[in-house]
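Below are the chains, spelled out letter by letter.
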Amino acid sequence: MQDLNLTIKENIRLTDKMWKMELCHPDLEVQKPGQFINLKIDGYFLRRPISVCDATNGEVTIIYAVVGKGTTALSEMTAGQKVQALCGLGNGYDTSLSGDKPLLLGGGAGVPPMYLLAKQLRSEGKPVAVILGFNTASEIFYDEEFYKLGCRVILATADGSLGAKGFVTDVMPEDYTYVYTCGPEPMLKAVYKKAETSGQFSFEERMGCGFGACMGCSCKTITGYKRICKDGPVLRKEEILWED
Amino acid sequence: MGRLSVDLCGIEIDNPVIPASGTFGFGYEFAEIYDINCLGTFSFKGTTKEPRFGNPTPRIAECASGMLNAVGLQNPGVEKVIAEELPKLKEVFHKPVMANISGFSVDDYVYTSEKLDKEEQVGWLEINISCPNVHGGGMSFGTDPEAAASVMKAVKEVTTKPVIAKLTPNVTDIVSMAKACVDAGADAISLINTMLGMRIDLKTRKPLLANTTGGLSGPAIFPVALRMVYQVAQAVDVPIIGMGGVSSAEDVLEMMMAGATAVQVGAANLVDPMACPKMIEALPEAMDRYGIETLKELQIKE
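Residues numbered from 1 in each chain as written. Chains lettered and ligands numbered in written order. Predicted model: local features only at pLDDT ≥ 70, side-chain atom pairs only at ≥ 80, totals over all residues.

Chemist: Just checking my understanding: could you explain the nonpolar core for this structure?
Modeler: Generally speaking, a soluble globular protein has its nonpolar side chains buried in company with each other. Counting 170 residues, the largest nonpolar core has Ile37 of chain A together with Ile127, Met152, Cys181, Ile189, Val229 and Val263 of chain B as its most contacted members. Here the element with the most residues in this core is helix H7 (residues 222-235) of chain B; it accounts for 7 residues. Sequence-distant contacts of Ile189 of chain B, defined by excluding residues within four places in its chain, comprise Ile164, Ala165, Leu167, Ala178, Cys181, Val232, Val236, Val238 and Ile240 of chain B. (Core = buried A, V, L, I, M, F, W, Y, C linked by C-beta atoms within 7 Å. Buried ≥ 20, exposed ≤ 12 C-beta atoms within 10 Å, placed from the backbone. Helix = DSSP H or I, 4+ residues; strand = E, 2+ residues; numbered from the N terminus. Contact = placed C-beta atoms within 7 Å.)

Okay, here's the thing in structure tokens:
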């Protein structure tokens, strides 16, 4: 974990709800796919945990949904302003288990972490198929970026306005060795049910600290209690325990 | 001893800054970030007789100048705390530590206290009779002077270590609660635990917390905590550990001027993991500014 005062390089709107922010700091270590950073926004007591979309040494890109007052304030910040952030939080995805045909499934605000993951898997020389699910065509973002990485991209919209009509689970290819996924919980559940291989699933929970101290985001798993912020957000398929 | 040292029930601590239970785990998450031996001590995660998962999520909600939590005393139970957590704690922290103990009956408190009393590194037993987020225990002992006294009395019988009663602000008369604990043998009082609160999600029209209510902490409650520390300090002769929204060296001084011997820091640790070392570092300069030579001089009662 690093505690840094990041400088905003760019903060732009991608769709109605989604914004992309690039931040930099000379000491920032490269973030792992599936990790998140926890941003301090002036006037708000708790930090805002946002997943990492892309990262290099010294730079990190986040894509965040504007859902409340805190993220609205974040969207109003401009290049040159500073944001204090705890970086390198969470366990992240393990690419060593992917096999030679990993399948990535991202839904809505769960798409961004798939990008750095796809980038890393591609750099390991693996062919990557990625399914991006959205409610409707106007909510689609980053599909081009996945093409540019050389991924096979499958688009699905719930209303059929672009790509296949349906959910990410309706368009899963036959042949894959492993699944990586991030998205709303009903989607994660559907992927869990349909996937014929093992995989890694990234979960979301309201957090207090974001670094494992407060037990605010605990969940039950087959292998015991886990803190989504510290032992997660990525859980292995074998350890997930669904509670209804 | 230095300018910052204070005496807490016969144990000299290097400074009065103590991370509060439930915001600091068993220390090692923070030990990854800084050398936690700079702390006066810390109060470890509330421990019960049996293991507890706690409440369903969401357990956290934000408020103006603070937060609500309804964790519900998640902990692995006293046996595992002793077998697994304390050995790890010992590797990163080399001072006496404060054991925080919760229960659902007098027997629970006694059982857990008796076990933790035997742990060499445990310097104090902080008896939490004030958790607002569990049912049938916790706070119910802290809202009735007789029940509080019965817990203190029973715990005192099974330990030679200083016993600290951690009180809830969710009472009409904090002074009578403190007095009942001291009369029953408590060696110190820590206050305040969180204040019972609630938030509703406008979109779903349902409570933000799965537990419906939760405990409010953070700067929002500082003036309430300060007032209660002040009132209790007028009424009892034992040391008081003041807590509730402490976020700066100035807050530490203010709490001590109200009558606290030491302070605990809770919510501030969660938003800034460096909150405590920053406060400790800022204390000497803040003391200079207000003409305070040593912290001990703040404790001499007229």
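And the narrative resumes.
Chemist: What is the right way to look at the sheet that holds strand S11 (residues 178-182) of chain A in this model?
Modeler: Strands in a sheet are paired, the pairing made by backbone hydrogen bonds, and the direction either parallel or antiparallel. Residue and element names in this part refer to chain A. Strand order in this open sheet of 7 strands is S10-S9-S8-S7-S11-S12-S15, and the pairing throughout is mixed. The sheet is open, and its two edges are formed by strand S10 (164-165) and strand S15 (234-236), each paired on a single side. Here strand S7 (residues 102-107) runs beside strand S8 (residues 129-134); their pairing, made up of 5 bridges, is parallel. Bridging across to S8, Leu104 finds its partner in Val130. On top of the sheet, helix H2 (residues 112-123) reaches S7, S8, S11 and strand S12 (199-202); it is set at about 165° to S7, its chief contact. Across the sheet, helix H4 (residues 185-194) touches S7, S8, S11 and S12, and the angle it forms with S11 is around 170°. (Pairing = 2+ DSSP bridges. Axes fitted to C-alpha atoms, helices over the stretch in contact; angles between N-to-C directions.)

Chemist: Looking at this model, I keep getting lost on helix H8 (residues 249-257) of chain B. Mind explaining?
Modeler: Count 3.6 residues to each turn of an α-helix, and residues three or four apart come out pointing the same way. Residues and elements named next belong to chain B. Looking at H8, one finds that the buried residues are Ala249, Asp251, Val252, Leu253, Met255 and Met256. Buried residues along H8 sit against strand S3 (17-19), H7, strand S14 (240-243), strand S15 (262-265) and helix H10 (275-289). Of the residues trailing H8, Gly259 is marked for its positive phi of about 125°.

Chemist: Help me out: how do you make sense of the domain arrangement of chain A in this one?
Modeler: Residues and elements named next belong to chain A. Split into domains, chain A comes out as domain 1 (2-89), domain 2 (95-202) and domain 3 (205-244). For domain 1 versus domain 3, the distance between C-alpha centres works out to 22 Å. At the interface, 8 residues of domain 1 touch 7 residues of domain 3. (Domains from an automatic or database assignment.)

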